[in-house]
Amino acid sequence: MKITNARVIVCSPDRNFVTLKIETDEGVYGLGDGTLNGRELAVASYLSDHVLPCLIGRDAFMIEDIWQYLYRGAYWRRGPVTMAAIGAVDMALWDIKGKALNTPVYNLLGGKSRTGVMVYTHANGRDVEETSDEVARYVEQGYLAVRAQSAIPGLASTYGVAKSGMSYEPAERGLPSESEWSTTKYLLHVPVLFEQLRLRFGNELHLLHDCHHRLTPIEAARLGKSVEPYSLFWLEDPTPAELQASLRLMRQHTTTPIAIGEVFNSIWDVQQLITEQLIDYLRMTVAHSGGLTHLRRVADLAALYQVQMGSHGPTDLSPVSMAAALHFDLSIPNFGIQEYMHHSSTTNEVFPHGYSYHAGYMHPGDAPGLGVDIDEKLAAKFPYQRAYLPVNRKLDGTLYNW
Ligand code: CS2
Ligand code: MG
């Protein structure tokens, strides 16, 4: 089965998405997601200008060889743009193979290891009470796990918290806005939030929290200790982990489980975190990590060290990514939990899909391939709009935080 055509579709149904469509001589096509929040056009150009011309005429079934060709052949390795572009190609090829063999992608990955994929969703609020009410709303919908974030008293804006009455979306259209940060205020507030949540919801509900890389290692250690009584499922990105060894310090001080990895894209970025057992959950995602071919390799390494996978699943990855993540999660042995933020109804219309949610679990569906399509006519009605993630400053204006 030869690749005859490949093109990038950039659209913005409420937010920007970069979708790759690969077509074959047998009429089967596959979709991949190459969205990199705030840097979307860099991946679109990497694909259109540098990768796609090299794909035409290749055998679409040679997924491993094409992966190695794109990774090693480029000479320049790793990095979010490169790995998102390779990820998009890889995803589309697995989609094609599933459709051609008339089976869902999870079957190509070894088959189901479980009946469903436990997901967590996001509860955000302007204060503890509002966050707590949001958690209650999700508990009513059957969620077994909820990530709780609240605005910090005394700060004008907090990253990761929705504007009043809106669902949380990390990027904003136009040039980057700036949000405020105070570690002192944050460290005082978070234990209060979780104390209240445990009092209201008891001990069985899985509660998660995301620090968005804001703390130094010793501050992260202190936070981990102070929330120990509330037994979090995980504390995410407590400290930036480019310096992987910095997690040793936190590990020595707390038993709160740690999840890291959403900004990393290759096995080498997380090797020490895994092999020294410095984390409990790895958050690398299919889209940004060179696709299913590479993420499976990462998951296998993680399994040797009892690290479970907890894929990033924000709205800034398209439904194509969500589907790929669910096929992956359903099949691997060391799956932990999957993030699930809800796409807007316009996004869902542009990307019709077969995955579904029921009582705390998701399932990718049994359609051949990934089970997601793109309505190109509708997508064309929503052209790209420049958007960025906000930039974070301390109260004295400093950008450097660690
Ligand atoms: C967040 C993301 O989902 C998460 O855990 O950290 O919302 C993240 O901020 C965005 O994906 C950045 O693009
Ligand atoms: Mg996060």
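Parameters at a glance
- Residues numbered from 1 in each chain as written.
- Chains lettered and ligands numbered in written order.
- Predicted model: local features only at pLDDT ≥ 70, side-chain atom pairs only at ≥ 80, totals over all residues.
- Heavy atoms only, no water.
- Axes fitted to C-alpha atoms, helices over the stretch in contact; angles between N-to-C directions.
- Helix = DSSP H or I, 4+ residues; strand = E, 2+ residues; numbered from the N terminus.
- Parallel < 35°, antiparallel > 145°, perpendicular 65-115°, else oblique.
- Left-handed = near helix turned anticlockwise from the far one by under 90°.
- Contact = heavy atoms within 4.5 Å.
- Core = buried A, V, L, I, M, F, W, Y, C linked by side-chain atoms within 4.5 Å.
- Buried < 20%, exposed > 50% of the residue type's maximum accessible area, 1.4 Å probe, protein only.
- 1 Å grid on protein atoms, 1.4 Å probe; cavity = no way out; pocket = protein on both sides within 12 Å on 5 of 7 lines; lining within 4 Å.
- Points joined across faces, edges and corners; volume = space filled by probe spheres on them.
- Nonpolar A, V, L, I, M, F, W, Y, C, P; charged D, E, K, R; others polar.
- Phe/Tyr/Trp six-rings, centres within 6.5 Å; stacked < 30°, edge-to-face > 60°.
- Lys NZ or Arg CZ within 6 Å of the ring centre and 35° of its normal.
- Expected span 1.5 Å × (residues − 1).
- Near = heavy atom within 4 Å.
- Polar contact = N/O pair within 3.5 Å; in protein donor to acceptor, adjacent residues only side chain to side chain.
- Areas by Shrake-Rupley, 256 points an atom, 1.4 Å probe, with all protein chains shown as cover.

Visitor: Please clarify how the packing of helix α5 (residues 128–140) against helix α6 (residues 183–201) should be interpreted in this entry.
Guide: The axes of two packed helices give the description: the angle between them and the distance between them. At a closest axis distance of 10 Å, the pairing of α5 and α6 adopts a crossing angle of 40 degrees. Between α5 and α6, the crossing angle belongs to the class labelled oblique. Seen from above, α5 lies across α6 with right-handed handedness. Within the contact between the two elements, α5 uses Val128, Thr131, Ser132, Asp133, Val135, Ala136 and Val139 and α6 uses His189, Leu193, Gln196, Leu197, Arg200 and Phe201.

Visitor: Even after reading the chapter, I still don't get the nonpolar core, so can you show me in this structure?
Guide: Nonpolar side chains tend to gather and get buried jointly when the protein is soluble and globular. Residues Ile22, Leu47 and Val89 are the most contacted members of the largest nonpolar core, which totals 116 residues. In terms of residues, this core owes the most to one element, helix α3 (residues 80–100), which gives 11 residues. Contact partners of Ile22, with chain neighbours within four places excluded, come to Ile3, Asn5, Ala6, Val28, Tyr29, Gly30, Leu55, Val89, Ala92, Leu93 and Ile96.

Visitor: Which parts of the structure should I look at to understand unusual backbone geometry?
Guide: Glycine aside, negative phi is the norm for most residues, and most peptide bonds take the trans geometry. With phi around 65 degrees, Arg78 is a residue other than glycine that occupies positive phi space. With respect to the helices, strands and loops of the structure, Arg78 is situated in the loop between α2 (63–73) and α3. The exposure class of Arg78 is partly exposed, given its relative accessible area of 33%. One non-glycine residue, Asn102, lies in the positive phi region at around 60 degrees. Within the secondary structure layout, Asn102 lies in the loop between α3 and α4 (105–108).

Visitor: When you look at empty space enclosed by the protein in this model, what are you seeing that I'm missing?
Guide: Empty pockets left among the atoms are what a rolling probe the size of a water molecule brings to light. One pass over the structure, following the stated rule, counts 2 cavities of 30 Å³ or more. One number sums up the size of the largest cavity: a volume of about 120 Å³. The wall of the largest cavity is formed by 18 residues, among which Gln149, Thr158, Tyr159, Trp181 and Tyr186 lie closest to the centre. Contributions of two or more residues to the lining of the largest cavity are made by β5 (145–150), β7 (178–181), α6 and β8 (206–210). The biggest single contributor to the lining of the largest cavity is α6, with 4 residues.

Visitor: Would you explain the side chain of Thr24 in this entry?
Guide: The residue Thr24 is located in strand β2 (residues 17–24) in this model. Classification of Thr24 by relative accessible area gives buried; the value is 7%. Apart from the residues within four sequence positions on either side, Thr24 is in contact with Met1, Lys2, Ile3, Thr4, Ala60 and Ile96.

Visitor: Teacher, can you tell me more about the layout of surface pockets here?
Guide: When its volume is computed, the largest pocket comes out at roughly 1100 Å³. A class-by-class count of the residues in the lining of the largest pocket yields 19 nonpolar, 11 polar and 11 charged.

Visitor: Looking at this structure, I do not really get the packing of aromatic side chains. What am I missing?
Guide: Each pair of aromatic rings is reported with the distance of its centres and the angle of its planes. Scanning the model with the defined rule gives 11 aromatic pairs in all. The interplanar angle of 80 degrees and the centroid separation of 5.3 Å between the aromatic rings of Tyr120 and Trp234 together place this pair among those described as edge-to-face. With Tyr120 in strand β4 (residues 117–125) and Trp234 in strand β9 (residues 234–236), this residue pair connects regions lying 114 residues apart in the sequence. Here the aromatic rings of Trp234 and Tyr281 are separated by 5.2 Å at their centres, their planes lie at 55 degrees, and the arrangement is tilted. Of the two residues, Trp234 sits in strand β9 while Tyr281 sits in strand β11 (residues 281–282), which places them 47 residues apart along the sequence. Take Trp234 and Tyr281: they sit in the same class, and that class is buried. Each member of the aromatic cluster is reached from another via a ring pair, and the members are Tyr120, Phe233, Trp234 and Tyr281. Sitting over the ring of Tyr29, Lys99 keeps its end group 4.2 Å from the ring centre.

Visitor: What exactly am I supposed to notice about α3 here?
Guide: Think of an α-helix as 3.6 residues a turn; residues three or four steps apart then line up on the same face. Along its 21 residues, α3 runs 30 Å from first to last C-alpha, staying within 8% of the 30 Å computed at 1.5 Å per residue. The element α3 is extensively covered by neighbouring structure, given that 17 of its 21 residues are classed as buried. Among the residues trailing α3, Asn102 stands out with phi positive, at a value near 60 degrees.

Visitor: What's the story with the site of ligand 1 in this structure? I'm lost.
Guide: If you check the shell around ligand 1, you find 16 residues, and the closest are Asn37, Tyr159, Glu236, Glu262 and Glu339. The side chain of Glu236 places a nitrogen or oxygen atom 2.9 Å from an oxygen atom of ligand 1. At 3.0 Å, a side-chain N or O of Arg283 approaches an oxygen atom of ligand 1. If ligand 1 stood free it would expose 340 Å²; the protein chains cover 94% of that surface. Taken together, the residues that form the shell around ligand 1 break down as 5 nonpolar, 4 polar and 7 charged.

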